[in-house]
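What the coordinates show
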Amino acid sequence: MKETGLPAIAFNRIACHDCDLLQTTPRLAVGEVAYCMRCDAVLFTNQKNSVDRSLAFAITGLLFYIIANMFPFLSLKALGFVQEGTLFSTSLSLFKAGMPLLGILLFLTTILFPLTTLLGTIYILMQVKRDKFNDYTAPVFRFLRSTDTWGMLEIFMLAVIVSLVKLGDYADVVFGISLYAFILLILSLTLMSHSLNPQDVWTRLRNNMADQP
Amino acid sequence: MSSLPTRQTTNDEINSRIASEINSDDDLICPCCKSIMHSRKPNSLNRTWALLITAMILYIPANVLPIMAVSFWGDGQPDTILSGVMQLLKAGLWPLALLIFVASIVIPVLKLIILILLLVSINTKAQWHPKDRTKLYRFTEFVGRWSMVDVFVIAILVTLVQFGNTASVSPDLGALSFAAVVILTMFAANSFDPRLIWDNLPEPELADESEQEDDSVIEMNGDRLVEK
Ligand SMILES: [Zn+2]
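In this convention, every chain numbers its residues from 1, walking through the sequence in written order. Starting at A for chains and at 1 for ligands, labels are handed out in the order in which the entities are written. The predicted nature of this model means local features are confined to residues of pLDDT at least 70 and side-chain atom pairs, given and counted, to a pLDDT of 80 or more, with totals for whole chains, interfaces and linings taken over all residues. Computation of side-chain values covers all heavy atoms of the structure but excludes hydrogens and water.

1. Describing the nonpolar core
Buried Ala, Val, Leu, Ile, Met, Phe, Trp, Tyr and Cys residues that are joined via side-chain atoms within 4.5 Å together make up what is termed a nonpolar core. Partly exposed describes any residue whose relative accessible area lies between the buried limit of under 20% and the exposed limit of over 50%, with all areas from a 1.4 Å probe on protein chains only and scaled to the type maximum. Counting 88 residues, the largest nonpolar core has Leu102, Phe156 and Phe182 of chain A together with Met148 and Phe152 of chain B as its most contacted members. The next biggest cluster of nonpolar side chains, apart from the first, holds 28 residues, and it includes Cys16 and Leu21 of chain A together with Ala188 and Ile197 of chain B.

2. With respect to the packing of helix 6 (residues 153-168) of chain A against helix 6 (residues 149-160) of chain B
Pairs of packed helices are described in terms of their axes, by the angle between the two and the distance that separates them. In this analysis an axis means a line fitted to C-alpha atoms, helices contributing only their contacting stretch, and an angle means the value between N-to-C directions, from 0 to 180 degrees. By definition, any uninterrupted DSSP run of H or I lasting at least four residues is a helix, any uninterrupted run of E lasting at least two residues is a strand, and each is numbered from the N terminus. Where helix 6 of chain A contacts helix 6 of chain B, the two axes come as close as 8 Å, and the packing angle between them is 55°. One element, helix 6 of chain A, and the other, helix 6 of chain B, form an angle in the oblique class. Seen along the crossing, helix 6 of chain A lies across helix 6 of chain B with a hand that is right-handed. Mapping the contact onto sequence places Ile155, Phe156, Leu158, Ala159, Val160, Val162, Ser163, Lys166 and Leu167 of chain A in helix 6 of chain A and Val149, Phe152, Val153, Ile156, Leu157 and Leu160 of chain B in helix 6 of chain B. Each residue receives one of three labels: charged for Asp, Glu, Lys and Arg, nonpolar for Ala, Val, Leu, Ile, Met, Phe, Trp, Tyr, Cys and Pro, and polar for the others, Gly being one of them. Counted by class, the contact of helix 6 of chain A with helix 6 of chain B contains 13 nonpolar, one polar and one charged residues. Angle categories are assigned with fixed cut-offs, so that under 35 degrees is roughly parallel, over 145 is roughly antiparallel, 65 to 115 is roughly perpendicular, and the rest are oblique. Crossing handedness: left-handed means the near helix sits turned counterclockwise from the far one by under a right angle, and right-handed means the same turn made clockwise. Working rule for contacts: check all heavy atoms of both residues, and any pair within 4.5 Å makes them a contact.

3. Description of the coordination of the zinc ion
Residue and element names in this part refer to chain A. Protein-derived ligands of the zinc ion are Cys16 (SG), Cys19 (SG), Cys36 (SG) and Cys39 (SG), with the metal-ligand distances lying across 2.2 to 2.4 Å. Any nitrogen, oxygen or sulfur atom within 2.8 Å of a metal ion counts as a donor, with the limit raised to 3.2 Å for Na, K and Ca, and since water is left out, coordination shells can look unfinished. For four-coordinate sites, all angles between 85 and 135 degrees define a tetrahedron; for four- and six-coordinate sites, opposite donors beyond 155 degrees with the remaining angles between 65 and 115 define square planar and octahedral shapes respectively, and all other cases count as irregular. Around the zinc ion sit four donor atoms, and with donor-metal-donor angles ranging over 105 to 114° the site reads as tetrahedral. Written as a sequence motif, the donor arrangement for the zinc ion is C-x2-C-x16-C-x2-C. Here Cys16 is found in the loop between strand 2 (13-15) and strand 3 (22-24), whereas its partner Cys39 is found in the loop between strand 4 (33-35) and strand 5 (42-45), with 23 residues between them in sequence. For the residue pair Cys16 and Cys39, the accessibility class agrees, reading buried in each case.

4. Digging into the packing of aromatic side chains
Residues and elements named next belong to chain A. For Phe, Tyr and Trp, rings pair up if their centres lie within 6.5 Å, where Trp contributes its six-membered ring, and each pair is then called stacked (planes under 30 degrees apart), edge-to-face (over 60) or tilted (otherwise). For the coordinates displayed, the defined rule picks out nine aromatic pairs over all chains. The interplanar angle of 80° and the centroid separation of 6.5 Å between the aromatic rings of Phe88 and Phe107 together place this pair among those described as edge-to-face. With Phe88 in helix 3 (residues 87-96) and Phe107 in helix 4 (residues 100-130), the pair connects residues that are 19 residues apart, well separated along the chain. Phe88 gets classed as partly exposed once you look at its relative accessible area, which sits at 45%. Measuring from centroid to centroid gives 5.2 Å for Phe141 and Trp202, while their planes differ by 65°, and the two rings are edge-to-face. Here Trp202 lies in helix 8 (residues 198-211) and Phe141 lies in helix 5 (residues 137-147), a separation of 61 residues in the sequence.

5. Observations concerning unusual backbone geometry
With the exception of glycine, the majority of residues adopt a negative phi angle, and the majority of peptide bonds are in the trans configuration. All names here are of chain B. In the Ramachandran plot, Lys125 falls in the positive-phi region, its phi being about 55° despite a non-glycine side chain. Along the chain, the position of Lys125 falls in the loop between helix 4 (94-123) and helix 5 (130-143). Look at Lys125 and you get exposed, because its relative accessible area is 57%. Of note in the backbone geometry, His129 takes a positive phi value of approximately 35° without being a glycine. Residue position: His129 is located in the loop between helix 4 and helix 5.

6. Here's the deal with helix 3 (residues 81-90) of chain B
What helix 3 of chain B keeps buried is the set Ile81, Gly84, Val85 and Leu88 of chain B. Along the long axis of helix 3 of chain B, the arc covered by the buried residues comes to 100°, so they all point the same way. Turning to helix 3 of chain B, the residues buried within the fold contact helix 6 of chain A together with helix 2 (44-64), strand 4 (75-79), helix 4, helix 6 and helix 7 (173-191) of chain B. Following helix 3 of chain B by one or two positions, Gly92 of chain B adopts a phi angle in the positive range, close to 80°. Summarising the geometry, the arc corresponds to the directions from the helix axis toward the C-beta atoms.

7. Points about empty space enclosed by the protein
A pocket here means an open set of points on a 1 Å grid, computed over the protein atoms alone, that has protein on both sides within 12 Å along at least five of seven lines. A cavity is instead a set of points where a 1.4 Å probe fits but cannot get out; residues with an atom within 4 Å of a point line either one. Grid points are joined across faces, edges and corners, and a volume is the space filled by probe spheres set on the points. Across all of its chains, the model carries one cavity of 30 Å³ or more by this definition. The calculated volume of the largest cavity comes to roughly 70 Å³. Taken together, Lys166 of chain A together with Ile67, Met68, Thr80, Ile81, Gly84, Val85, Leu88, Ile100, Asp150, Val153 and Ile154 of chain B make up the lining of the largest cavity. Where the lining of the largest cavity is concerned, the elements lending two or more residues are helix 3 and helix 6 of chain B. The dominant element in the lining of the largest cavity, judged by the number of residues it contributes, is helix 3 of chain B, at four residues. Tallied by class, the residues present in the lining of the largest cavity amount to eight nonpolar, two polar and two charged.

8. A look at the confidence of the model for chain B
Residues and elements named next belong to chain B. For every residue, the predictor assigns a confidence score, pLDDT, that lies between 0 and 100. Here chain B shows a mean pLDDT of 79. Residues at 70 or above account for 76%. Within the model, pLDDT remains below 50 along residues 1-9, and this stretch shows 17 contacts once partners closer than five positions in the same chain are excluded. Confidence drops under a pLDDT of 50 for residues 207-228, and excluding neighbours within four residues, the segment shows 64 contacts in the predicted structure. The ipTM for the predicted assembly is 0.89, set against a pTM of 0.83.

9. Brief notes about the sheet that holds strand 8 (residues 172-175) of chain A
Residues and elements named next belong to chain A. At least two DSSP bridges between two strands are needed for those strands to be called paired. Here we have three strands laid out as an open sheet, ordered 7-6-8, and antiparallel in their pairing. Either end of the sheet is taken by a strand with one partner, and the two such strands are strand 7 (81-85) and strand 8. Mean inter-strand twist for the sheet, computed between neighbouring axes without regard to direction, equals 20°. In this sheet, strand 7 lies alongside strand 6 (residues 74-78) in antiparallel orientation, the contact comprising five bridges.

10. Points about the sheet that holds strand 3 (residues 68-72) of chain B
Residue and element names in this part refer to chain B. The sheet built from four strands is open, its strands ordered 4-3-6-5 with antiparallel pairing. Where the open sheet ends on each side, the last strands, each with one partner, are strand 4 and strand 5 (162-163). Its contacts with the sheet put helix 6 on strand 3, strand 5 and strand 6 (167-171), and the angle it makes with strand 6 is roughly 140°.

11. Some points on the pattern of salt bridges
What makes a salt bridge here is a side-chain nitrogen of Lys or Arg within 4 Å of a carboxyl oxygen of Asp or Glu, nothing more. Applying the stated criterion across every chain, the model contains nine salt bridges over all chains. The residue Asp20 of chain A makes a salt bridge to Arg40 of chain B at a minimum N-O spacing of 2.6 Å. Linking Asp20 of chain A in the loop between strand 2 and strand 3 with Arg40 of chain B in the loop between strand 2 (36-37) and helix 2, this pair reaches from one chain into another. Given the relative accessible area of 24%, Asp20 of chain A is considered partly exposed. Residues participating in the shared-partner salt-bridge network are Asp20 of chain A together with Arg40 and Asp199 of chain B.

Below is the structure:
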């Protein structure tokens with residue numbers, strides 16, 4: 001294994017992540033998006049206050065995440081009984097029903113990965129803001145980028161709506177506080193990932209490393 | 001450390017320099033994030049085939065076995081993916097039936113077909129419509145996770161409908177197989193390298209290379225060049 005001097009070339013070139021075409025890095029005005037000239041992949045964007053805005057959405061999201069996990073999202077009233085569903089009890093009920101693998105899947109996609117995304121993004125962006133990085137910055141950010149698709153709260157939300165319609169005929173379905181927190185959480189997560197430009201983080205990290213050899 | 005390329009450095013020179021670095025036997029370590037660099041995702045075709053074939057095998061129990069059992073007053077009734085859709089249709093909930101049909105049946109099948117087509121097109125060194133094939137790939141990558149919606153519905157029903165002997169829902173093996181199919185195809189899409197589509201094509205000619213100012217900051221990001 002050896003370290004390489006490749007970045008000298010990287011100062012002014014960018015390789016498309018979808019088709020590997022090497023092209024000159026364009027300079028973008030605020031609000032512009034750079035597309036690959038061959039396959040139309042998004043190369044990077046230049047958004048106003050990208051770091052500040054994503055950090056704000058991440059912190060807002062974390063607050064809604066806590067609320068969403070504290071209360072039930074739906075309760076079912078039938079025959080004088082009330083059955084409540086929280087995010088955690090949904091994972092747990094699959095364990096109890098003899099499907100531990102599905103329980104783990106649900107725990108990862110609706111509880112753990114959304115949390116690591118929020119906490120990890122806050123951790124990284126705080127470092128970017130203070131321009132102080134440590135050895136964990138790059139691995140943590142890479143982990144966040146690769147687990148991005150495994151947080152599935154918006155899909156869970158769709159499933160809640162489907163269940164609502166399915167159960168509506170048989171029993172009284174009561175919306176919980178969490179359902180509202182949920183919608184706001186998904187909104188925060190969407191806005192966060194939309195306003196975050198990974199290039200900004202890598203650029204700052206790299207400039208920082210270049211400053212202190 | 002190689003020197004900074006000058007304005008006169010041509011594309012070819014840079015390409016060959018990168019190629020010589022990448023094709024050396026040593027693993028290259030990214031100086032920025034310290035992970036191993038690959039020019040292509042390692043063993044992409046074999047991995048994707050293996051994941052896809054496993055997914056196709058599991059697709060059978062996912063559709064044949066019941067995904068959940070609904071019982072009213074001790075009267076159990078197993079549901080498969082398709083019978084669940086039919087019930088929604090009978091109940092007149094056709095928007096819901098359509099949603100589940102698309103998410104649970106159309107998308108997984110479409111995803112399997114598209115990925116197999118892409119793999120075959122690379123194995124046969126096909127040259128047709130590379131841009132469209134790349135778009136198909138992006139589509140499968142984007143849409144695949146939504147198939148999970150039925151698994152989540154089952155989870156919610158199992159949690160909420162627990163009224164002892166009166167009414168209860170329990171998950172069944174079909175749900176597990178189906179979740180496995182979705183996860184395996186997500187991994188398959190992830191291990192497929194769209195750059196292979198373009199590797200069979202002749203080198204492109206770049207226009208206006210020299211007109212650009214080259215003093216811009218580093219804009220290349222770590223996770224573009226680098227894979228796991
Ligand atoms: Zn491209």
